[in-house]
Amino acid sequence: ALQYRIGQLYMISKHSHEQSDRGEGVEVVQNEPYEDPNHGNGQLTEKRVYLNSKLPSWARAVVPKIFYVTEKAWNYYPYTITEYTCSFLPKFSIHIETKYEDNKGSNDSIFDKEAKDLEREVCFIDIASDEIPERYYKESEDPKYFKSQKTGRGQLKEGWRETHQPIMCSYKLVTVKFEVWGLQTRVEQFVHKVVRDILLIGHRQAFAWVDEWYDMTMDEVREFERATQEATNKKIGVFPPAISISNISMPSSTRSAPSSAPSTPLSTDAPDFLTVPKDRPRKKSAPETLTLPDPSK
């Protein structure tokens, strides 16, 4: 489990840096220890994801040219909660719960208590045999061909989940909310596909990069995370103060995050920058009324 956690943290940092460019990518806003009364000690991470060019054409037509998705993650490994909200869509949110177990995906009831009243579609993700978008494919990151020099793991052939050791599964419960008539189904389907592709690509990379992170301690991967996040923020044109990442719990009085398991309140009002100030003076450059000449004269 510790190996997976180190590999996951390494992959997220490196992948975010690779995918970022000026004006687009993943900006890390905060990354700090967080203590929850129910789940114990964890890590709170907040990121802004700028991805306008990655939207489908139908979505690009209805969103601003510059916008971002806020990702908040509460990591109480082996249980995490992740929430996504959008800078200009108050009715849009994605809620993901994750649990990790040392098995091959055989626990069908892992989320039964949380989702007993919801309809669910179960989707299995196989990092070796599932197809990924062509633009993300690299033969060096293909688990079918990659073989680790340090661990001997790899070249995952058909049926690898039945025989490969060590093995573990990341179970995710994904809920999408988008209460806009006419777009709801299309947006939900698009989000589920994007989440699936991200999980598939990320875990393929974590496996293919194992020789880079396998010998790291948790302290070393946290330092790699800090340095990479600073470099990524500069790469996309954001120059914040140095990011401090540590595993030491902070006093509860200094925390700005919620004091229990998170729930992001979503307003149904339009965001501030879309509302017209009530005291804004009327422009007088145009006439109050427009008089057209009588065609009969």
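These numbers come from a predicted model, not from an experiment. (Residues numbered from 1 in each chain as written. Predicted model: local features only at pLDDT ≥ 70, side-chain atom pairs only at ≥ 80, totals over all residues. Heavy atoms only, no water.)

S.K.: Mind laying out unusual backbone geometry, listing which residues take part and the relevant values?
M.R.: Excluding glycine, most residues fall at negative phi; most peptide bonds, likewise, are trans. Residue Tyr77 is joined to Pro78 through a cis peptide bond whose omega torsion reads 15°. For Pro78, the position within the fold is in the loop between strand S3 (69–76) and strand S4 (79–86). A cis amide bond links Gln165 with the next residue in sequence, Pro166, at an omega value of -5°. Looking at the secondary structure, you find Pro166 in the loop between helix H3 (160–163) and strand S6 (169–178). Notably, Gln155 is not glycine yet its phi reads approximately 50°, a positive angle. Relative to the elements of secondary structure, Gln155 occurs in the loop between strand S5 (92–101) and H3. (Helix = DSSP H or I, 4+ residues; strand = E, 2+ residues; numbered from the N terminus.)

S.K.: Can you lay out the pairing of S3 for me, pointing to particular residues and giving the numbers?
M.R.: Burial analysis of S3 places seven of its eight residues in the buried class, which makes it a mostly covered element. Summarising the sheet, strand S2 (residues 40–50) and S3 pair through seven bridges and their orientation is antiparallel. Across the sheet, Arg48 pairs through a bridge with Thr70, a residue of S3. Where S3 and S4 come together, eight bridges link them in antiparallel fashion. Each residue of the ladder has a partner; that of Asn75, found in S4, is Thr80. Hairpin geometry of S3 and S4 is characterised by an intervening segment of two residues between the two adjacent antiparallel strands. (Buried < 20%, exposed > 50% of the residue type's maximum accessible area, 1.4 Å probe, protein only. Pairing = 2+ DSSP bridges.)

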